[in-house]
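Chain and residue survey
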Amino acid sequence: AQSVTQLDSQVPVFEEAPVELRCNYSSSVSVYLFWYVQYPNQGLQLLLKYLSGSTLVKGINGFEAEFNKSQTSFHLRKPSVHISDTAEYFCAVTNTGFQKLVFGTGTRLLVSP
Amino acid sequence: SAVISQKPSRDICQRGTSLTIQCQVDSQVTMMFWYRQQPGQSLTLIATANQGSEATYESGFVIDKFPISRPNLTFSTLTVSNMSPEDSSIYLCSVLLAGSTYEQYFGPGTRLTVT
């Protein structure tokens, strides 16, 4: 079985500053990894995904994430955040047979002016 | 991509009653899922809706409480039965598109409050 840990429940940051949201996973098999964003009162939107190949993946809205197998991590980064990035961010994992997505507890990104 | 609609978008229900939530997708999908998101928490998978057969439930969820139907490839319903205040949550429908590279799409959710 897979599991995901998002250690930071909330990350406050000033506008135009860089940000990193941490995600660690646990699995005994090969995995696919995802980051989703949930804006207030909305459904989830896929930001980016890692399936295979390059460990640095780029997503929408200027976000990127790096898959690190040795550290079992998939941290999300953005070099300069905007007020509009304020949202809840969820890391998720599934095995390569895609039986189901397992979500982390989420990190609330709060961007202030 | 896919457009997923859910009905109702929100409801306030009395304890002991049942509510059926509908999920409609505009594309062919391989898998459909139902999730629960309790206030301030992450998503928990309730079940995988299987076309023409009984849904596959996750640990802690049972068919009597959350009966699910999926009569065709693009439509599913989730019923929350004999509701209690603990069932107050957002219920989300999610799909995996046919031929997609494991991109799971989510509906806007149904916000349920049980009084």
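Right above here is the structure, for reference.
Just so we're clear, the structure is a prediction, and the values are computed from it rather than from any experiment. (Residues numbered from 1 in each chain as written. Chains lettered and ligands numbered in written order. Predicted model: local features only at pLDDT ≥ 70, side-chain atom pairs only at ≥ 80, totals over all residues. Heavy atoms only, no water.)

**A word on the side chain of Glu88(A)**
Residue and element names in this part refer to chain A. Its place among the elements puts Glu 88 in strand S10 (residues 87–95). For Glu 88, a relative accessible area of 13% gives the class buried. If near-sequence neighbours (up to four positions away) are discounted, Glu 88 is found in contact with Tyr 36, Val 37, Gln 38, Thr 105, Gly 106, Thr 107 and Arg 108. (Helix = DSSP H or I, 4+ residues; strand = E, 2+ residues; numbered from the N terminus. Buried < 20%, exposed > 50% of the residue type's maximum accessible area, 1.4 Å probe, protein only. Contact = heavy atoms within 4.5 Å.)

**Points about unusual backbone geometry**
The linkage connecting Lys7(B) with the following residue, Pro8(B), adopts the cis geometry, with an omega of -10°. The backbone phi angle of Asn61(A) is positive, close to 60°, even though this residue is not glycine. If you trace the backbone, Asn61(A) turns up in the loop between strand S7 (56–58) and strand S8 (64–68). Owing to a relative accessible area of 39%, Asn61(A) belongs among the partly exposed residues under this scheme. The residue Asn82(B) is not glycine, and still its phi comes out positive at about 45°. The class of Asn82(B) is exposed, set by a relative accessible area of 55%.

**Regarding the pattern of salt bridges**
Residue and element names in this part refer to chain A. Here the structure, examined in full by the defined rule, presents 10 salt bridges over all chains. Close ionic contact of Arg 77 with Glu 20 constitutes a salt bridge, the shortest N to O distance being 3.7 Å. With Arg 77 in strand S9 (residues 73–78) and Glu 20 in strand S3 (residues 19–21), this residue pair connects regions lying 57 residues apart in the sequence. Look at Glu 20 and you get partly exposed, because its relative accessible area is 37%. Across the pair Lys 58 and Glu 64 runs a salt bridge, and its minimum N-O distance is 2.8 Å. Given a relative accessible area of 63%, Lys 58 falls into the exposed group. (Salt bridge = Lys/Arg side-chain N within 4 Å of Asp/Glu carboxyl O.)

**Digging into the nonpolar core**
Residue and element names in this part refer to chain A. Core analysis: the largest hydrophobic core is formed by 29 residues, its most contacted members being Trp 35, Leu 48, Phe 74, Leu 76 and Tyr 89. When residues of this core are traced back to their parent elements, those giving at least two are strand S2 (10–14), S3, strand S5 (31–38), strand S6 (44–50), S8, S9, S10 and strand S12 (107–112). When sequence neighbours within four positions are dropped, the list of residues in contact with Tyr 89 reads Gln 6, Leu 21, Trp 35, Tyr 36, Val 37, Leu 47, Phe 63, Leu 76, Gly 106, Thr 107 and Leu 109. (Core = buried A, V, L, I, M, F, W, Y, C linked by side-chain atoms within 4.5 Å.)

**Observations regarding the interface of chain B and chain A**
Taken together, the contact between chain B and chain A spans 19 residues of the former and 20 residues of the latter. In total, chain B and chain A occlude about 1,500 Å² of area from one another, counting both sides; carbon and sulfur atoms represent 57% of this. Linking chain B with chain A are two salt bridges, by the criterion used here. Residue Lys100(A) is joined to Glu58(B) by a salt bridge in which the shortest nitrogen-to-oxygen separation is 2.4 Å. (Buried area = accessible area lost by both parts, 1.4 Å probe.)

**Some remarks on the environment of Phe103(A)**
As for its placement among the helices and strands, Phe103(A) is situated in strand S11 (residues 102–103). The buried category is assigned to Phe103(A), whose relative accessible area is 9%. Remark: the alpha-carbon pair of Phe103(A) and Leu46(A), spanning 57 residues in sequence, is separated by 13 Å. Those residues in contact with Phe103(A) that sit more than four places away from it in its chain are Val4(A), Tyr36(A), Leu44(A), Phe90(A), Cys91(A), Ala92(A), Tyr35(B), Ser42(B), Leu43(B) and Phe106(B).

**Brief notes about the sheet that holds strand S1 (residues 4–7) of chain B**
Residue and element names in this part refer to chain B. The strand order across the open sheet built from four strands is S1-S3-S8-S7, with neighbouring strands paired in antiparallel fashion. The sheet is open, and its two borders are formed by S1 and strand S7 (68–72), each paired with just one other strand. Put simply, the sheet's adjacent strands are angled 15° from each other on average, direction ignored. With three bridges joining them, S7 and strand S8 (residues 75–80) adopt antiparallel strand pairing. (Pairing = 2+ DSSP bridges. Axes fitted to C-alpha atoms, helices over the stretch in contact; angles between N-to-C directions.)

**Describing the packing of aromatic side chains**
Tallying each qualifying case throughout the model produces 12 aromatic pairs over all chains. Taking the centre distance of 6.4 Å and the plane angle of 50° together, the rings of Phe33(B) and Tyr35(B) count as tilted. We classify Phe33(B) as buried; its relative accessible area is 0%. Here the aromatic cluster, defined as three or more aromatic residues joined through ring pairs, consists of Phe34(A), Tyr36(A), Phe90(A), Phe103(A), Phe33(B), Tyr35(B) and Phe106(B). (Phe/Tyr/Trp six-rings, centres within 6.5 Å; stacked < 30°, edge-to-face > 60°.)

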